[in-house]
Amino acid sequence: MSVGRSADGREVQVPVQQVPPSLATSLSVAPLIAPLSHRPANPWPPSDPAASQGVTAGFLPLHGGFRDHFVETPEAKYRCEDCGLVLCQPRQTECGHRFCQSCINGILSHPNPVCPADMEPLFKDKIFRDVCCHREIMALKVYCRSEASGCQEQMSLHQISDHLNVCPFFEVPCPLGKCKERMMRKEIPDHLSWKCKHRESTCEFCMTKMPLNDLQKHKETVCPAFPVSCPNHCSFSSLPRSELSNHQHDCPKAQVSCQFHCYGCTFKGLNQDMRQHESTFAAEHLKMMANRNSLIENKVEDVKSELLERYKVLPALSSRLSELENQNNELREKNRQMEQKLAAMQKLMSSHSEKLLEVELELRSLRLLRDEVENLRGTMENVRTRLNTLEQGGRSGTGSTTHTLASLETQLNRHDEMLSVHEIRLADMDLRFQVLETASYNGTLIWKIRDYKRRKQEAVAAKTLSLYSQPFYTGYFGYKMCARVYLNGDGMGKGTHLSLFFVVMKGEYDALLPWPFKQKVTLMLMDQGPSRKHLGDAFKPDPNSSSFKRPAAEMNIASGCPLFVSQSLLETGTYIKDDTIFIKVTVDTSDLPDP
């Protein structure tokens, strides 16, 4: 029970059940809202010692010190040197003066701050909390902040927040939330009982509970039991709103249409005149129904004839379906043949792997051959030296010397012939090995560029602006492609970047391939360091570009990235090792049709 007052001023006991539970809770823990002159704002900082001494959020002033009415005038040592009020969260400076926290923060926000009491310079790291002074101030006696409303309580400053939680004279808002009125806490029971426009009330017709300010609108619009009059002004002067819809069907003065209006009858009149109309115009209604029935029969005949026409088309559709099934079977057969071709291609790839092994063996023999050629060259030099010696001595020598010279010349000629044969074989083996070593038929190119510094200098000097890679293919019968690189950049990247481009070349099987070239292309500079942070870019070919149409010359115009990688990043990272860089070009062959 809580105490309130009736309309005649008598004290009455108000049951707590009349207030919703959520409201009863809000009454016991009402927020701390001070009068306008003392309204609190910011709470104590979590790190402040006062927070652990029971000071509640909403108790402190926003700026400056406490403006409470103290029972005894506070001593001067408790007043702020800046605002002159009783210190709130006191801070002491190096020069011994005290300030409120908000006041000293304002002073420190200015350039070259000084103490207003003695003009000494202030430093933030030399200002500290005055906990002892704070404790003494919180023990000072004050009057309740609701003193102007009639509260005569006195308490220490640190007890003010607990008192305001229960002070009957403290101004609080209506606990219902929607109501904007404010009142003293002791007036809440009276306000909720008969003053608040948002208090709960009950409709006397349907017994529904709702806020008082919604009651009138409820009665006028939606209450199902509210009495309303018939809009046709019949003998029923009052009936519940929920029965009005059913009454409209039976009301003798309701305006209705003839039930044969779908057959063409246009009569409209009152309910009480409809029976006479139906009995009088029964023959006309039958004629309307007969006419409508004949129209329907005609439409049925038309539909039958249309169905017959469609039935005639069914054999042609059936034959077309058979043709499609045959085409489907042919496609399945082609698919089986393609699978066989794929198996054959796999076997061919295996054979190429075997050939690659053979090439490696030939390479080993080639190395031995190179060593032999070097030995022959050394022997040739020795023979030439001896020959020169013999020639010098043979000018004055005997016939045996002449004979020895002739035999040496014959031997020299024979060695020259052998050396020429070995050099030809060596060049042929080098070319063959280079082609077989670098050929790729899976759409991936790994391009190794040696002597980077020399080639870069040649590009800077405009001797060799660009380099072309060896060709690579999307398959044994696929597109022929290569890469093109400008080590000193091209276009927008000239002098600052490495420019990398992709080139479509003229191949032997272009007539069997789809054009324009539509496969996704990925360009990548390989990182030779342990982190493997490769640099890459990818693009889908523009079908309208001449770079991806069927080549008419040996190769199309290159397309790619003028600003592929900056030279500073390339030359300071781990992308160059042993004066060599690696470039990888990948062409997506996942959706590539077979020729």
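These numbers come from a predicted model, not from an experiment.

1. Describing the overall build of the protein chain
So, point 1. Broken down by element type, the protein chain carries 12 helices and 24 strands.
So, point 2. The proportion of buried residues among the 595 residues of the protein chain is 32%.
So, point 3. For the protein chain, the share of sequence-separated contacts (at least 6 apart) that also reach a separation of at least 24 residues comes to 47%.
So, point 4. For the protein chain, the exposed area adds up to about 37500 Å²; of that, 53% sits on carbon and sulfur atoms.

2. Remarks on the state of the cysteines
So, point 1. Counting across every chain of the model gives zero disulfides.
So, point 2. Here Cys133 stays unpaired: no disulfide links it, and the sulfur of Cys132, its closest cysteine neighbor, is 7.4 Å away.
So, point 3. Considering cysteine sulfurs only, Cys174 is the nearest to Cys196, which forms no disulfide, with 3.9 Å between them.
So, point 4. Accessibility expressed as a relative area gives 0% for Cys196, which makes it buried.

3. What about the packing of aromatic side chains?
Any two aromatic rings considered together are summarised by their centre-to-centre distance and by the angle between their planes.
So, point 1. Following the criterion strictly, the structure yields nine aromatic pairs and no others.
So, point 2. On the basis of an interplanar angle of 35 degrees and a centroid distance of 5.7 Å, the ring pair of Phe502 and Phe517 is categorised as tilted. Remark: Phe517 occurs in the loop between strand 20 (497-505) and strand 21 (521-525) and Phe502 occurs in strand 20; sequence separation between them is 15 residues.
So, point 3. With a centroid separation of 6.3 Å and 20 degrees between ring planes, the pair formed by Phe517 and Phe548 is classed as stacked. Here Phe517 is found in the loop between strand 20 and strand 21, whereas its partner Phe548 is found in the loop between strand 22 (535-539) and strand 23 (559-566), with 31 residues between them in sequence.
So, point 4. Phe548 sits in the buried class, given a relative accessible area of 2%.
So, point 5. Put simply, the rings of Tyr479, Phe502, Trp515, Phe517, Phe539 and Phe548 touch in pairs and so form one group of aromatic residues.

4. Focus: a nonpolar patch on the surface
So, point 1. Residues Val303, Leu307, Leu308, Tyr311, Val313, Leu314 and Leu317 make up a contiguous nonpolar surface patch of roughly 670 Å² in combined accessible area.
So, point 2. Relative to the helices and strands, Val303 is located in helix 9 (residues 282-394).

5. Some words on the sheet that holds strand 24 (residues 581-587)
So, point 1. Strand order in the open sheet formed by four strands is 16-24-21-22, with antiparallel pairing between adjacent strands. At either margin of the open sheet sits one strand with a lone partner, and together these are strand 16 (444-449) and strand 22. Each adjacent strand pair in this sheet contributes to an overall mean axis angle of 15 degrees, direction not counted.
So, point 2. Summarising the sheet, strand 16 and strand 24 pair through six bridges and their orientation is antiparallel. Its bridge partner being in strand 24, Leu445 is matched across the sheet by Val585.

6. Digging into the side chain of His285
So, point 1. Along the chain, the position of His285 falls in helix 9.
So, point 2. Excluding residues that lie within four positions of it along the chain, His285 makes contacts with Cys258, Phe260, Cys265, His277 and Glu278.

7. Some thoughts on the confidence of the model for the protein chain
Interpretation of the predicted coordinates at a detailed level should be avoided for regions scoring low in pLDDT.
So, point 1. Taken over all residues, the pLDDT of the protein chain has a mean of 80, while the share at 70 or more is 83%.
So, point 2. Low pLDDT, under 50, characterises residues 1-57; the stretch is placed with 102 contacts to residues that sit more than four places away or in other chains.

8. A few points about helix 11 (residues 452-460)
So, point 1. Every buried residue of helix 11 is accounted for by Tyr452, Lys456 and Ala459. Burial along helix 11 is one-sided: seen end-on, the buried residues are contained in an arc of 60 degrees. Opposite the buried face of helix 11, at more than 90 degrees from it, the exposed residues are Lys453 and Gln457.
So, point 2. One or two residues past the end of helix 11 sits Ala462, with phi positive at roughly 65 degrees.

9. A few points about the pattern of salt bridges
So, point 1. Tallying each qualifying case throughout the model produces 13 salt bridges.
So, point 2. Close ionic contact of Glu171 with Arg182 constitutes a salt bridge, the shortest N to O distance being 3.5 Å. Remark: Arg182 occurs in strand 9 (residues 182-184) and Glu171 occurs in strand 8 (residues 171-173); sequence separation between them is 11 residues.
So, point 3. Two residues, Glu323 and Arg320, come together in a salt bridge whose shortest N-O distance is 3.2 Å. Here Arg320 and Glu323 lie together in helix 9, a separation of three residues that amounts to about one turn.
So, point 4. Overall, Glu323 belongs to the partly exposed group, its relative accessible area being 41%.
So, point 5. According to the relative accessible area criterion, Arg320 is partly exposed, its value standing at 44%.
So, point 6. In the salt-bridge network here, residues are joined through shared partners; they are Asp451, Arg454 and Glu458.

10. A closer look at the nonpolar core
So, point 1. Ranked by size, the top nonpolar core spans 36 residues in total, and within it Phe59, Phe66, Ile137 and Leu157 carry the most contacts.
So, point 2. Counting residues per element, the ones that place at least two in this core are helix 2 (101-108), helix 3 (131-138), helix 4 (160-164) and helix 5 (188-195).
So, point 3. If sequence neighbours within four positions are ignored, Ile137 has contacts with Tyr78, Val86, Leu87 and Leu157.

11. Notes on the sheet that holds strand 5 (residues 128-129)
So, point 1. The sheet built from three strands is open, its strands ordered 4-3-5 with antiparallel pairing. Strands with a single pairing partner mark the edges of an open sheet, and in this sheet they are strand 4 (98-99) and strand 5.
So, point 2. Bridge count for strand 3 (residues 91-92) against strand 4 is two bridges, and the pairing is antiparallel. Bridge pairing links Arg91 to Phe99 in strand 4.

Procedures and definitions
- Residues numbered from 1 in each chain as written.
- Predicted model: local features only at pLDDT ≥ 70, side-chain atom pairs only at ≥ 80, totals over all residues.
- Heavy atoms only, no water.
- Helix = DSSP H or I, 4+ residues; strand = E, 2+ residues; numbered from the N terminus.
- Buried < 20%, exposed > 50% of the residue type's maximum accessible area, 1.4 Å probe, protein only.
- Contact = heavy atoms within 4.5 Å.
- Areas by Shrake-Rupley, 256 points an atom, 1.4 Å probe, with all protein chains shown as cover.
- Disulfide = S-S within 2.5 Å.
- Phe/Tyr/Trp six-rings, centres within 6.5 Å; stacked < 30°, edge-to-face > 60°.
- Patch = residues over 30% accessible without salt bridge, like charges linked within 9 Å, V, L, I, M, F, W, Y side chains within 5 Å.
- Salt bridge = Lys/Arg side-chain N within 4 Å of Asp/Glu carboxyl O.
- Pairing = 2+ DSSP bridges.
- Axes fitted to C-alpha atoms, helices over the stretch in contact; angles between N-to-C directions.
- pLDDT = per-residue confidence, 0-100.
- Arc of directions from axis to C-beta.
- Core = buried A, V, L, I, M, F, W, Y, C linked by side-chain atoms within 4.5 Å.

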